[in-house]
Amino acid sequence: MEAKQGQVNQKFKTRIQRWFASSWSALLVPLLAVLTAFVVGGIVIAMAGGNPFSAYLGLLEGAFGSTKSLSETTVWATPYIFAGLAVALAFKGGLFNIGAEGQLALGAVASAWVGYALPGLLGINLPTIFLLPLTVLAGVIAGGIWGAIPGWLKARTGGHEVINTIMMNYIALNMVSYLLNGPMKDPNPLNVIARTPEIAESARFTPIFSGYRMHWGFILAILIAILVWFLLWKTTLGFEIRTAGANPDAGKYAGVNVGRTIVLSMTLSGMLAGMAGAIEVTALNYRHELGFSIGYGFDAIAIALLAKSHPLGVILSAILFGAMRNGGTRMQFLTQIPVDVISVIQALILLFVAADAIVRFIFRIKAREERVVLTRGWGG
Amino acid sequence: MNTNEVILEVRGITKQFPGVLANDRVDFDLRKGEIHALLGENGAGKTTLMNILYGLYQPDSGEIRRNGEVVKFSSPKDAIAQGIGMVHQHFMLIPVFTVTENIMLGDETVKNGLLDQRTVAALVRQLSKQYGLEVDPQAVIQDLPVGVQQRVEIIKTLYRKAEILILDEPTAVLTPQEVEDLFHIISELSHQGVSIIFITHKLKEVLAIANRITVMRNGKVVGTKTPQETDEAHLAEMMVGREVILKVEKGPAKLGDVVFEVENLSVFDQRGLEAVRDVSFQVKAGEILGIAGVQGNGQTELVEALTGLRTPHHGSVRLGGFDVTASSPRPMIEYGLAHIPEDRQKHGLVLSFPVADNLILCTYYQQPFARNYIIQNKAVDEYAHRLVEEFDVRTPSPYLPASKLSGGNQQKVIVARELSRPVKLLIANQPTRGLDVGSIEYIHQQIVQMRDRGVAVLLVSAELDEIMALSDRIAVMYRGQIVATLGASQATREGLGLLMAGLQIAEA
Ligand SMILES: Nc1ncnc2c1ncn2[C@@H]1O[C@H](COP(=O)(O)OP(=O)(O)OP(=O)(O)O)[C@@H](O)[C@H]1O
Ligand SMILES: [Mg+2]
């Protein structure tokens, strides 16, 4: 009995150790990539005549220095988490969803429309428990459809999703621009901006703390990230998505309907991006305005790459990107270093993550077995 | 040429992977012009040792001496500079480039800032003449058969002035004719002073061609022998550490109903050419039908069409009375089809997945591995541990990615998965390719046991020995057609050989 207990303990211990060992080595390269990017970014700042230390201090202060700035960081991080999850899930399914931007914008518009127009159309005042979920759902569905189309094209015709999601972005963004300038434009005679009317009170999330913009969307984003992790690693559907992504031939062999799985992955991905837009509308802006969402969908690619497509990693890298965006303004205010430096650092992070051979070389980390897999044949 | 001059010496090489001591104080030496075979069980550490000699891995301890001097390889570049070349099983050639372009790649000859293809092509011609390696320097790689691609790889190493050539299981995917050609090339190279290290699991080959044979087990060198001092049974025993029965015990077949029925099946290959023409056969419960044939005579396309991976363009397939022509794989799997695919890395495994996930690749959604769409880790864990044990898959943990297993152990994962669920029809294409003799023995026993339990077995193999050892009936495939079907007792090696070469029995 005692021996057995000891055995169990031992087993548990090695399991924990293994978990640490594996997550540590998985985290190491992205962490070092970020570090390297900041060092190189610092050199760029110095060359531009700034003081990198005070710049980064400003950045830190702006991102985390007060409850207000903490709250703002979460506001930035929220759409990043959703959109980052969208791209990461597609990556896991072997698909490169560049279309998160369009899916997000369309989601925001659909959500806004339901939020401001539905009560009027139905002629009743829907209570929050109905209208709010409906409003969010509208955005999720719109994004999902926008993701499903390139997924379907890929499964059906082999048309590459990279090309098709880019095309779909143009269609979506122009469509949104037309809607916001035309049929959905806020009819208030004083309004000159391309934006929708405000959504109904009952279509809104209430603030968490009064006086702060931090909203329930952030909490929801974290829950959804855990849900996506659970979906990918604990369910049969996730098994199918990962199999179709890692080796579609083996997937087909094993009886997975690879075409259907591709459509599904892209739909789920689009739904997550659409949710990013829906949450911006229902929890933060209470309307959609042209320019509210510029670039989230593209930054999301960098976020997913930095997270190595791990849903929980997406939370961390989204917070990092959010913090940089949020802290950048403070940095500029304190040191007159333009916010654009943030874009430079983000680009550097992306560079070092993508070309992780550089990071491994700088820090003398042995490459994992990727190289050797190439050289392994029947003989192994 | 075979002098006693030692040109490469390995002393006390140790290499530890997490949970596995892949090489344990290995000593090994290579003489000038020698053909040195390296034998050992799956996972014994052969490939690891060669990867160390080629600079792909760095040893934890021990040293390598080249012509008596200690050398350190931090990448294949260093090894190449020391005259070492390696041909991996999966060739690393660019399919759309010509032979010449592939050979110069990475070591380009430049004249006036431009690639000097002409000089290289001339050199290639000269090398191929010198060593009897026939290839057309202008040919595009993807048009060449496997055996010729392998020659290109060998020329590539010679072009980089290799004096030591490492071949990792070079014969596993070759046809018997190609194997013979390769052996000619190898002896020619050795006559001209090139030393060759040659990994294989085929004991006959070893005895036929090697000057010396080194056997490894569990990361250690067990001994080095000359072919004169040893024989197949002895080598097998050295490898596995026990006596291996090289013959399969098998009683007469107890035939049941027809399980699998193929009628007038025709299948196109990738290029749209008819690879399988008008093939018909039946397999009954409790029998093993072997399909013999030189590789590339339509077996690949036939099996793909039978297992739902390729759509036949004519004919019908019936499984247990149901029409499954052009069916997708899942309904067949659920009815009771098990399929050991020919290409283990393409179809058989998801290399980045843990061994455990690969073991449930076809059944992940079924009880007990999933309940209400949720994967049941405990059930998977128990199952994986059991199969790894039963099939002797050498891995420190069932959670290691399949990519980290040795080639033979990857194959064992697939075989374990396919033989361990209730099946009515087993389609096995090259089931023991890359396996050591001990594992072949075990898997042959398993296949015979399945037959005796009433499973219908369709065995496709390029190994005549395997076909003859297991089959109750043998069909011979030649140019996409079944040219003859014989009872096992009527079949002789010679007769089958002639049929496989396209000669009719009457003429034979
Ligand atoms: N990159 C790696 N990471 C972890 N373990 C590894 C790695 N490469 C090899 N191993 C382990 O080292 C051992 C020796 O493997 P190796 O590939 O050298 O065997 P082998 O003798 O070539 O076998 P086979 O005949 O099956 O090809 C195996 O247990 C294998 O799992
Ligand atoms: Mg090997």
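Values in this document were obtained by computation on a predicted structure and should not be read as measured data.

**Here's the deal with the overall build of chain A**
Thought 1: Check the secondary structure of chain A and you find 15 helices and 0 strands.
Thought 2: Scored against the burial criterion, the 380 residues of chain A give a buried share of 52%.
Thought 3: The contacts of chain A with a sequence gap of at least 6 include a subset with a gap of at least 24, amounting to 75%.
Thought 4: Counting every atom, chain A has about 17,700 Å² of accessible surface; 70% of that belongs to carbon and sulfur.

**Here's the deal with the side chain of Gln103 of chain A**
All names here are of chain A.
Thought 1: In this fold, Gln103 is placed in helix α4 (residues 100-122).
Thought 2: Here Asn97 takes part through its side chain, which lies 3.0 Å from a polar atom of the side chain of Gln103.
Thought 3: Once residues lying within four places of it in the same chain are set aside, the contact partners of Gln103 are Asn97, Gly143, Trp146, Gly147, Ser269, Gly270, Ala273 and Gly274.

**Concerning the nonpolar core**
Residue and element names in this part refer to chain A.
Thought 1: Counting residues in hydrophobic clusters, the biggest one holds 66 residues, and the most contacted among them are Ile81, Leu85, Val136, Phe321, Ile345 and Ile349.
Thought 2: It is helix α3 (residues 67-92) that provides the largest number of residues to this core, a total of 10 residues.
Thought 3: When residues no more than four places from it in sequence are discounted, the contact partners of Val136 are Ser111, Phe205, Met275, Ala278, Ile279 and Thr282.

**Topic: the sheet that holds strand β4 (residues 61-66) of chain B**
Residue and element names in this part refer to chain B.
Thought 1: Spatially, the 4 strands line up as an open sheet ordered β2-β1-β4-β5, and their pairing is antiparallel. The open sheet terminates on both sides in strands that have one partner only, identified here as β2 (20-31) and β5 (69-71). In this sheet, neighbouring strand axes are inclined to one another by 25° on average, regardless of whether the strands run parallel or antiparallel.
Thought 2: As defined by bridge partners, β4 adjoins β5 across 3 bridges and the pair is classed as antiparallel. When the sheet's bridge partners are listed, Arg65 is paired in β5 with Val70.
Thought 3: In the packing of helix α1 (residues 46-53) onto the sheet, contacts are made with β1 (6-17), β2 and β4, and the angle to β1 comes to roughly 120°.

**Looking at a nonpolar patch on the surface**
Residues and elements named next belong to chain A.
Thought 1: Taken together, the side chains of Leu35, Val39, Ile43, Val44, Met47, Val344, Ile358, Phe361, Ile362 and Phe363 make up a nonpolar region of the molecular surface, amounting to roughly 920 Å² of accessible area.
Thought 2: When residues of the nonpolar patch are traced back to their parent elements, those giving at least two are α1 (2-47) and α14 (356-362).
Thought 3: The element that contributes the greatest number of residues to the nonpolar patch is α1, accounting for 5 residues.
Thought 4: In this structure Phe363 comes out as partly exposed when scored by relative accessible area, which is 32%.

**Focus on helix α8 (residues 232-240) of chain B**
Thought 1: Within the span of α8 of chain B, buried status applies to Leu235, Ala236, Met238, Met239 and Val240 of chain B.
Thought 2: On its buried face, α8 of chain B sits against β3 (35-40), α7 (203-209), β11 (212-217), β12 (220-225) and α15 (437-452) of chain B.

**Topic: the packing of α4 of chain A against helix α11 (residues 296-306) of chain A**
Residue and element names in this part refer to chain A.
Thought 1: Two numbers describe how α4 lies on α11: the axes approach to 7 Å, and their chain directions differ by 135°. Of the possible angle classes, the one that applies to α4 and α11 is oblique. Like other packed secondary-structure pairs, α4 and α11 cross with a definite hand, here right-handed. On α11, the residues that touch Ala100, Glu101 and Leu104 of α4 are Tyr296, Gly297 and Phe298.
Thought 2: Its residues placed into classes, the contact of α4 with α11 shows 4 nonpolar, 1 polar and 1 charged.

**Quick word on the domain arrangement of chain B**
All names here are of chain B.
Thought 1: The domain architecture assigned to chain B consists of domain 1 (6-240), domain 2 (245-336 + 422-508) and domain 3 (348-421).
Thought 2: Computed over C-alpha atoms only, the centres of domain 2 and domain 3 are separated by 26 Å.
Thought 3: Taken together, the 17 residues of domain 2 in the interface contact 14 residues of domain 3.
Thought 4: Summing both sides of the interface, domain 2 and domain 3 together bury roughly 1,300 Å²; the carbon and sulfur share of this comes to 61%.
Thought 5: The largest contributions to the domain 2 side of the interface with domain 3 come from Arg330, Ile333 and Tyr442, which together make up 32% of the buried area.
Thought 6: Taken together, the links from domain 2 to domain 3 amount to 0 salt bridges.
Thought 7: Between domain 2 and domain 3 we count 7 residue pairs in polar contact (both at pLDDT 80 or more) in total.
Thought 8: Looking at the side of domain 2 that touches domain 3, the elements with two or more residues in it are α10 (329-335) and α15.

The rules behind these values
- Residues numbered from 1 in each chain as written.
- Chains lettered and ligands numbered in written order.
- Predicted model: local features only at pLDDT ≥ 70, side-chain atom pairs only at ≥ 80, totals over all residues.
- Heavy atoms only, no water.
- Helix = DSSP H or I, 4+ residues; strand = E, 2+ residues; numbered from the N terminus.
- Buried < 20%, exposed > 50% of the residue type's maximum accessible area, 1.4 Å probe, protein only.
- Contact = heavy atoms within 4.5 Å.
- Areas by Shrake-Rupley, 256 points an atom, 1.4 Å probe, with all protein chains shown as cover.
- Polar contact = N/O pair within 3.5 Å; in protein donor to acceptor, adjacent residues only side chain to side chain.
- Core = buried A, V, L, I, M, F, W, Y, C linked by side-chain atoms within 4.5 Å.
- Pairing = 2+ DSSP bridges.
- Axes fitted to C-alpha atoms, helices over the stretch in contact; angles between N-to-C directions.
- Patch = residues over 30% accessible without salt bridge, like charges linked within 9 Å, V, L, I, M, F, W, Y side chains within 5 Å.
- Salt bridge = Lys/Arg side-chain N within 4 Å of Asp/Glu carboxyl O.
- Parallel < 35°, antiparallel > 145°, perpendicular 65-115°, else oblique.
- Left-handed = near helix turned anticlockwise from the far one by under 90°.
- Nonpolar A, V, L, I, M, F, W, Y, C, P; charged D, E, K, R; others polar.
- Domains from an automatic or database assignment.
- Buried area = accessible area lost by both parts, 1.4 Å probe.

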